[in-house]
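If you want the building blocks of each chain, they are given just below.
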Amino acid sequence: MSAREWHTVADNPRQQLEHLRSVVRAIRAVRQLISFCREPEELVQKVCSLLVETRDYHSAWIVLVDGEGRPVTAVHAGLGDDFGPMMERVGCGELTACGRSALAEPGVLVIHSPFKECVECPLSHVYEDRSAMTVRLAYGGRVYGVMSVSVPAAYAHDTDEVELVRDVAEDVASALDSLSLGSDCVHTGEALRESEQRHRTLVEQSMDAIYIGRPDGKVMEVNQAWLDLFGYVRGDLASANAIDFYVEPSDRDTFVREMTEKGFVQDEVLYKRKDGTVFHCQRAQVALKDERGNVLAYQGILRDVSETKQSLRELRRSEERYRALFEQSMDAISVVAPDGTALDVNQAWLDLLGYSRDDLDGFNVIDVYANPRDRDELLSRIAETGNVRDVVHVRKKDGTPMTCQRTVVVQRDGEGAMVACQAVLRDVSLETRAYDRLEEAFIDLVETTSRAMESVDPYTVGHQRRVARLAELVGRRLGLSDSRLQGLYVGAMLHDVGKLSLPSTILTKPGKLSVHEWNLMRSHPRRGYDILMHSNLPWPIEIMALDHHERLDGTGYPGGKSGEALSLEVRILGVCDVIEAMSSDRPYRPARSPGEVISEIMEGAGSKYDPEVTQAALGVISDGLFSLSEPGTKGLGV
C-alpha cells in the first residue's frame, strides 16, 4: 500500500473502520494461538507465521534471550534463506542494532527506511521500500526477547498498527512468562483483558462518531463522539431509535434496503440532533452477519461535514466571483505553469496578443517574449522575491513588438512549492514612446541650453559636451545605474550654467584676470546652483553645478567641502572637468600634453581627486575611449 493509498484510507470512514476491525481480528487470532501453545519455541514461531499471513507483513522474526540478555533462540517467517546470516549472528551471541535498542527501551521502535538506516544489519537488503517495527518482549520486569516485523512503509505511520505490534509483543511476553512459571495462563488472561481495554479506549477516544445498532433501529452501542454529535446522553439511548435521527424518514428505508442488498453503505445523509438542528453527515456503515448471512447489527463511522459543505459552497461562490473578475478584466491575465505552459488566460490576454483559444493547445509563453532570456530572468527573480513588477518587451502572434507593464505573483501548494505564476499585462507602448520622446526633448533642451552658453562664451564651445562624454564613460565603468548615468550626463552638460550670469567681458578677456574679476569668475558654481535649484529634476544637478570645483582634501571652492560631503557624481565631474580643461587651449596658455594631464591627475589621486574615479578615468583614456589629443576649444576652463 502506497502512502497516497494509505491517506485515502485514513480519510475514508468505511475503510478506516475496516482497518480497525482487521487490527482487532489480528489481536484475537494471536490470543487464540497463545491459548493452546505449550512450548516457547512453538509459540514464537506460530506468532511470526500468523503476523505474516494475517497482516500483509513481508516478514517477522523473534529472538529469545536468557536472563543475561544473550540471544539463545531465533525464529522467523517470510525470510527463507535470507535469515541465515541472522542465525549466525545469534549463534555468536549478537543482536542487530535495532534489537539492542529495543531491548533497552520500552515501546515500539519504528524505522522508516531500514535499507538506508541499518546498513550493518544482515537483513537490511530485504527491507527496501519497507519499514520495520521492533519491540522487546517484556513482562513482570523480565525481558524475554525481541520481536521485529517488516511492514509496508505506510503502516509505519499508522498508530493502530503500531499499537497492534505493541499488544502482540505484550501478549507473547505474558504467555512466555506463564510458560516459564508453569502457570495456568493467569497472566495471559490479564494481558488479554488489558489489551481489550486499550482498544475500548481507542474507540472511546476516536474523534469520529462510532455506532452499532440493530436492524429494527434499536441503538446497541455508541462512543462519546457519537453522543456529542447528536446531543444525547447515555441515559437517552434506551428509548432512542435510528428513525429519530433522520430528517427524511424515507432515507432510513433506503438505508436498510441497501444494507440488505450490498452489506454496506457509504454516502452522505441529512441527520438531525436531539434538539432538532439539521446537519450533513458522511457515513460508512457495514452489516454484521451470522454464519447464515442474517444481519445482526449495523456498525459504522459518522462524521459531521456541515462546515465542509459550507466551505465548499463559499469556495464555489468565491471561484465564481474570481472567474467573473478574471474574464471581465480589461488587463491581460494569464496563469502559467513553471515550465511555461499556459494553464489559463482571459479574453483580454487573447485580444492583446492576437491569439485565439485554439492556439493555446501546447502553447508556451516563451513565444511571447521579444527576448527569450527575459523568461529565465523572470524565474530567477521570482525564486528570490516571490513577485515581480516591471516592464517587459513582448511580441504579438504576428510578430508586432509591444512594451507591457507586468505584474507577476507566485501560486504555491501547501508545501510551499511553486505550482504556477499569475501575470497581469498592460500595454504601455504608447506611454513608453511618449516618455521616450519627452526624454529626447529634455536632452535636446539641455543641449540647447549648453549651446546658448557657448554663444555667450565662445571659449567654452564643446567643453561641456566633452566633460559630459568623459563623465558618462567613467560613471559606466564605476557601475552607475542607467538613471544615475543620465543624471550625471545632464549635470555635466549644465555644470557651467552659472557663467550665463557673468559679464561677457570677463568670459572673453584674453589676458590675466584681476583679483576682482577672478572672484567673480569663482562665483559661477554658486550662480549655477541658484539657476538650477528650482528645476525639480530627478537628479541633484544643482549640487553638481555647485560642487564641481570642490576637492577631496577641501582645497576647492566655493565652500571648501571635502571627503564624504562630496557625492560620487561630483567626484567624477571634478576629475573629468580638470582633464578636459587641461587638454584644451586657453587664451593664457596652450593645451597641456597628454603626459602632463595624466601626471597631474595621478599626482592628485587620493588627495584632491578620488582615487577610484581617477583610476576609472585613466582606464577610459588608456582604452582609447576618450582622446586627450582631440582638438580642444579655447576658453578659460575654470
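Residues numbered from 1 in each chain as written. Predicted model: local features only at pLDDT ≥ 70, side-chain atom pairs only at ≥ 80, totals over all residues. Heavy atoms only, no water.

### Quick word on the sheet that holds strand β14 (residues 401-412)
Strand order across the open sheet formed by 5 strands is β12-β11-β15-β14-β13, with antiparallel pairing between neighbours. This sheet does not close on itself; its edge strands, each paired only once, are β12 (342-345) and β13 (387-395). On average, adjacent strands in this sheet sit at an angle of 25 degrees to one another, irrespective of strand direction. Summarising the sheet, β14 and strand β15 (residues 418-427) pair through 9 bridges and their orientation is antiparallel. Residue pairing for β15: T407 is matched across the bridge by V424. Along the sheet face, helix α13 (residues 373-385) touches β11 (332-336), β13, β14 and β15 and points at about 175 degrees away from the line of β13. (Pairing = 2+ DSSP bridges. Helix = DSSP H or I, 4+ residues; strand = E, 2+ residues; numbered from the N terminus. Axes fitted to C-alpha atoms, helices over the stretch in contact; angles between N-to-C directions. Contact = heavy atoms within 4.5 Å.)

### Remarks on the pattern of salt bridges
A complete count under the given rule lists 24 salt bridges for this structure. The closest approach of N and O atoms between D304 and R273, which form a salt bridge, is 3.2 Å. One end of the pair, D304, is in strand β10 (residues 295-304); the other, R273, is in the loop between β8 (264-272) and β9 (278-289), and 31 residues separate them in sequence. What makes R273 partly exposed here is its relative accessible area of 22%. The network of salt bridges with common partners includes E163, R166 and E170. (Salt bridge = Lys/Arg side-chain N within 4 Å of Asp/Glu carboxyl O. Buried < 20%, exposed > 50% of the residue type's maximum accessible area, 1.4 Å probe, protein only.)

### Here we look at the sheet that holds strand β7 (residues 219-222)
Taken in spatial order, the 5 strands of this open sheet run β7-β6-β10-β9-β8, and their pairing is antiparallel. The open sheet terminates on both sides in strands that have one partner only, identified here as β7 and β8. Each adjacent strand pair in this sheet contributes to an overall mean axis angle of 30 degrees, direction not counted. When strand β6 (residues 209-213) meets β7, the two strands line up antiparallel, connected through 3 bridges. The partner of G213 across the bridge, within β7, is V219. Against the sheet, helix α10 (residues 249-262) makes contact with β8, β9 and β10, and its axis sits at roughly 170 degrees relative to β8, the strand it touches most.

### Some remarks on the packing of helix α15 (residues 463-477) against helix α23 (residues 611-622)
Where α15 meets α23, the axes come as close as 9 Å, and the angle between the chain directions of the two elements is 115 degrees. The angle between the axes of α15 and α23 places the two elements in the roughly perpendicular class. The interaxial crossing formed by α15 with α23 has right-handed handedness. Here α15 contributes L470, L473, V474 and R477 to the contact with α23, which in turn contributes V613, A616, A617, G619 and V620. Considering only residue class, the contact of α15 with α23 consists of 7 nonpolar, 1 polar and 1 charged. (Parallel < 35°, antiparallel > 145°, perpendicular 65-115°, else oblique. Left-handed = near helix turned anticlockwise from the far one by under 90°. Nonpolar A, V, L, I, M, F, W, Y, C, P; charged D, E, K, R; others polar.)

### As for the packing of aromatic side chains
Applying the stated rule across the entire model yields 15 aromatic pairs. Ring geometry for Y211 and W226: centres 6.1 Å apart, planes at 20 degrees, overall stacked. Of this pair, Y211 sits in strand β6 while W226 is found in helix α9 (residues 224-230), placing the two residues 15 residues apart along the sequence. No difference in accessibility class separates Y211 from W226, as the two residues are buried. An aromatic cluster is defined as three or more aromatic residues linked by ring pairs; in this entry it consists of Y211, W226, F230, Y232, F245, Y246, Y271 and F279. The cationic tip of K262 hangs over the ring face of F264; the distance from NZ or CZ to the ring centre is 5.4 Å. Its end group placed over the ring of Y557, R522 keeps NZ or CZ at 4.1 Å from the ring centre. (Phe/Tyr/Trp six-rings, centres within 6.5 Å; stacked < 30°, edge-to-face > 60°. Lys NZ or Arg CZ within 6 Å of the ring centre and 35° of its normal.)

### Overview of the packing of helix α16 (residues 482-493) against helix α21 (residues 568-582)
Two packed helices can be described by the angle between their axes and the distance between those axes. Two numbers describe how α16 lies on α21: the axes approach to 11 Å, and their chain directions differ by 45 degrees. It follows that α16 is oblique to α21 by the angle criterion. Judged by the twist between their axes, the crossing of α16 over α21 is right-handed. Residues R484, L488, G491 and A492 of α16 touch α21, and the partners they reach there are L568, E569, I572 and L573.

### What about helix α3 (residues 40-54)?
Under the 1.5 Å per step criterion, the end-to-end length of α3 is 21 Å for 15 residues, consistent within 8% with the ideal 21 Å. Every buried residue of α3 is listed here: L43, V44, V47, C48, L50, L51 and V52. Among the residues trailing α3, D56 stands out with phi positive, at a value near 65 degrees. (Expected span 1.5 Å × (residues − 1).)

### Let's talk about unusual backbone geometry
Backbone torsion omega between Y557 and P558 reads 10 degrees, so that peptide bond is classified as cis. With respect to the helices, strands and loops of the structure, P558 is situated in the loop between α20 (541-547) and α21.

### Description of the side chain of N346
Along the polypeptide, N346 turns up in the loop between β12 and α12 (347-353). Side-chain polar atoms of N346 contact the backbone nitrogen of W349, separated by 3.0 Å. (Polar contact = N/O pair within 3.5 Å; in protein donor to acceptor, adjacent residues only side chain to side chain.)

### Remarks on the side chain of R406
Inspection of the secondary structure puts R406 in strand β14. Note on R406: relative accessible area 5%, which makes it buried. A polar contact of 3.1 Å, which involves the side chain of R406, links it to the side chain of Y369. If near-sequence neighbours (up to four positions away) are discounted, R406 is found in contact with Y369, L378, R381, V388, R389, D390, V392, V424 and L425.

### Side note on the pairing of β15
The sheet contact formed by β11 and β15 spans 5 bridges and is antiparallel. If you follow A332 over to β15, its bridge partner there is L425.

### Details of the confidence of the model for the protein
Counting all residues, the mean pLDDT for the protein is 81, and 84% of those residues have values of 70 or more. Taken element by element, the protein is modelled with least confidence in helix α1 (residues 3-10), mean pLDDT 46, and with most confidence in α23, mean pLDDT 94. Counted against residues more than four places away or in other chains, residues 183-189, with its pLDDT under 50, gives 11 contacts. Under a pLDDT of 50 for its full length, residues 631-638 has, in the predicted model, 36 contacts with residues more than four places off or in other chains. (pLDDT = per-residue confidence, 0-100.)

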